[in-house]
Amino acid sequence: MMGVPVFFVVVLAFICHSHSLEIQNPFYRFKRSQENVLSDPSDCVSRTKQQVLNSHNFSVEIRMPGVVPTGSDTYLCTAFPVPTSRDAYIVDFIPHASMDTVHHMLLFGCQTPVSTSSYWDCGSVQGTCADEASIMYAWARNAPPTKLPKDVGFKVGRNSGMSHFVLQIHYGDISAFRDHHRDCSGLTLRMTSKPQPFIAGIYLLMSVDTVILPGKKVTNADIACDYTSYPIYPFAFRTHTHHLGKVVSGYRIRDGKWSLIGRQSPQLPQAFYPANKEVNVKYGDTIAARCLFTGEGRTSKTYIGGTSDDEMCNFYIMYYMDSKHAIPYMNCMESGSKELFQHIPAEANVPIAVSPGHMNSMMHMVHSTDHQENMLLLDTNRAEQVLDQDYHLEQVSAWPQSSLQLGQVSGLTLDSDSNLVIFHRGDHHWGADSFNSQARYQQRSIGPIQQSTILVVDPAKGNILKASGRDMFYLPHGITTDKNNNYWVTDVALHQVLKVSSDGRDRMLLALGEAFIPGSDNNHFCQPTDVAVDTETGNIFVSDGYCNARILKFSADGKYLSEWGAGSSDRRRIPFRIPHSLVFLPDRQEVCVADRENGRIQCFIAKTGEFVKEIKKEEFGGEVFALTYSPAGDGLIFAVNGESPYRSAPLRGFVIDYSTMDILDTFNPEKKEFKMPHDIVETSDGSVFVGDAGSKSVFKFTTEKLHRSVKKAGIEVQELEEMETFVQTKVRPEHNMSKTAAIQEKQTVAQQPQPQEENEEEKKSAAKPNKEWGVLPAIITTLLLIPLLVVISIGVFICWRKNNRCEVKTEPSSVGGILGKIRGKAVGSLNLGNFFASRKGYSRQGFDQLSTEGSDQERNDEDSSDSENEEYSALPPLQSSS
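Residues numbered from 1 in each chain as written. Predicted model: local features only at pLDDT ≥ 70, side-chain atom pairs only at ≥ 80, totals over all residues. Heavy atoms only, no water.

S.K.: When you look at the overall build of the chain in this model, what are you seeing that I'm missing?
M.R.: Looking only at helices and strands, the chain features 10 helices and 49 strands. Per-residue burial for the chain yields a buried fraction of 54% across its 882 residues. Nonlocal contacts in the chain, meaning residues at least 24 apart in sequence, comprise 66% of its contacts between residues at least 6 apart. For the chain, the accessible area works out to roughly 39600 Å², and carbon and sulfur atoms hold 50% of it. (Helix = DSSP H or I, 4+ residues; strand = E, 2+ residues; numbered from the N terminus. Buried < 20%, exposed > 50% of the residue type's maximum accessible area, 1.4 Å probe, protein only. Contact = heavy atoms within 4.5 Å. Areas by Shrake-Rupley, 256 points an atom, 1.4 Å probe, with all protein chains shown as cover.)

S.K.: Any chance you could explain the pattern of salt bridges here in plain terms?
M.R.: Side-chain pairs of opposite charge can arise whenever the charged atoms involved come near each other. Within this structure, the stated rule accounts for 16 salt bridges. Here glutamate 597 makes a salt bridge to arginine 596, at a shortest N to O gap of 2.8 Å. Residue class for glutamate 597 comes out buried when judged on its relative accessible area of 18%. Of the charged contacts in the structure, one is a salt bridge between glutamate 623 and arginine 596, with a shortest N-O distance of 3.9 Å. Taken as a pair, glutamate 623 in the loop between β41 (611-615) and β42 (624-630) and arginine 596 in the loop between β39 (590-595) and β40 (600-605) lie far apart in primary sequence, 27 residues in all. (Salt bridge = Lys/Arg side-chain N within 4 Å of Asp/Glu carboxyl O.)

S.K.: Would you mind showing me how to read the sheet that holds strand β14 (residues 219-226) here?
M.R.: What links the strands of a sheet is backbone hydrogen bonding, and the strands pair in either a parallel or an antiparallel sense. Here four strands make up an open sheet; going across it, the order is β14-β19-β16-β17 and the pairing antiparallel. Both outer strands of the open sheet, β14 and β17 (257-264), are each paired with one neighbouring strand and no more. Neighbour-to-neighbour, the strand axes of the sheet open up by a mean angle of 20°, direction not taken into account. Where strand β16 (residues 245-254) lies against strand β19 (residues 286-293), eight bridges are found, and the strand directions are antiparallel. (Pairing = 2+ DSSP bridges. Axes fitted to C-alpha atoms, helices over the stretch in contact; angles between N-to-C directions.)

S.K.: How do you make sense of the sheet that holds strand β32 (residues 496-500) when you look at a structure like this?
M.R.: With antiparallel pairing, four strands are arranged side by side in an open sheet as β30-β31-β32-β33. Edge positions in the sheet fall to β30 (476-481) and β33 (508-512), since each has one partner strand and no second. Across this sheet, the average inter-strand angle for adjacent strands is 20°, counted without regard to direction. As paired elements, strand β31 (residues 487-491) and β32 share five bridges and run antiparallel to each other. Counted as the bridge partner of tryptophan 488 is lysine 499 from β32.

Here is the structure:
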């Protein structure tokens, strides 16, 4: 008999609780939809936080804690400790500010902030840091986010001398604060604990003594300093003036020649724009900058100063340098001599016109500076811009599924069925004693390689489909296939190019060169490295190689046709230094070569050998070992570099836009590093394979879709696809959110813009709450309670039958009394969250609310606690809607 009243009491309790949540839910929906309108400074404080993304990557959000500047041209600062005791690296800067409120924003790194207050006035003598401060980032005029190139980061933390961030914001005109709102501007830092091979830094050129005369049409502020440190590689630049600046230009001067680093109008969004990547700076160079001002419209002199009525002349260079010599911040404040600046290029004196339309287009796009035309090209459809889905190559660590047992992997290609073909050296090795000074092979006595040197492998799983090439080769090197699926291979010990059948019978179809005899005439090779095949004519191209430094062209039947690149007689280019890898470009009728020791890629017209272009990047580190080509888009070159005795660069793969010659992506293995990446091939599905002679292995990489971005010269300005975290239970529709979920999401995605569709849905939900939201959990929960209540009723009935030895007392006037008295040794405390969590198939996520009474921000501390085991012995008091 006791089951009936208990059943109704529990149903009543759940209906009341659900009703209270239904009342609260529209408030939280409205509050969440208004996240960007902040009136409580505590909201800003909660946004200065760390979010862990995975074991290596995390983000830090730094915001002003709800400040109200008391006057125009106020400088306020806030400090935040680096949230790790280890070294960490900043790889992304994402600003959260508007030029309507913020004039400009700077991020400093230092050991000791000048104040420990939540914020302070840093425009006075007090300043930012008690020790030396390093500028790490600068923002103004609605500049978009900045992403550093891969393998580059700003080092902070334990060994960097930077244990704190200091955010400085200059509030120019405080008329924006007439509504007395509090400002929470700031930025998000995306960081990683993985050591970066290159460390980023800022070089600031700044004028301190320029005076702009009233009415004068042109005033130049010139800055120049000699550079006396280790090499730096600029990858981005930023300009900054106030209203009178028309154009700011930065240069490297070497041997009297001025090379542009970057040029921009400071009236456009003051982002970091891609620098001229062909320019590096080394010891003995001079770094120079010019700001062009006009005094028209002014009635008095304008000086360099910190207010919006003053002027500034700043040229920021964001660079990277080898981690062994990293310097995070350098500056130059010396006025340049008139003699030096007599030779500045004329473009530095040409103002860049800015229209209102330009401002709108620059909100989401980066536009490059074309110094050859002396003007800014602002066409968002420019061919050199790449606006598309960005793909990044990641290693497939589970490939191959079983060991291939390879020797030194020297060559890779694809057969006519798109299977991977591996050319390796078995138990032979190319060592210091393999050749004498005349390049003659010294180990003929050991005979040819007895293992199968050519393996046809399934590109999906890595299992061997076919094996051939036994007792044929001594030191394999390059391999490719023709349209009949025959193999064209080179052997550096034989000094030959061989055409071999692919049917597994190891038939030698054609041999070019004389076995074991090196030479430099039309009938001999000296350690030839690779072969490329013209897919239409069948003509073959041979890179020859370690001794001769030339490319030879033969007909399909082996007739000598032509050659180029030998010696230094060709004045158009520097002679080859080991042409190591070849690829034929069928859509362009060109052949490209990896000129290994020159660290470059050169392309030629296949028919004539006429030079077309050269791709040489500092990121190559002085050596390019191999390349392949895909006609996708405007053409993609895939390449791998190698170790150089003269330069330090990480071993990795590169994806290069053939047309713009920009590096679009770099990639490398995750679990073990490249040792000597020797060849590369790309499949029709976009997978990339790299053969490594050093580790005797083949790596597979596949593309992973990332966010949409605008990419140029190694720096990205992103249109971030904002992510949301939904905390959902299994007993309600996905588009509804409990109070706990709303609070957790608010803390996770604080002040990030939501997709338009979701905002519209939330507004509708806020205006018209779903009435089923509170009823559905009560119905399901009630059904789940039925077995428990049946058990209790049976127990009561058994006790009653056994001479009333068991007695249950109730107090109908008190709901708490009923639930309290039902607690006994057989049942235990009735914690509904724990009860449902113990039932298979049910998440406790949605029910913990019943015992913990929501988050700290929303509950009454006197009526609930944080304990997950709190007994639910009474209904929670209804919260006031005020």
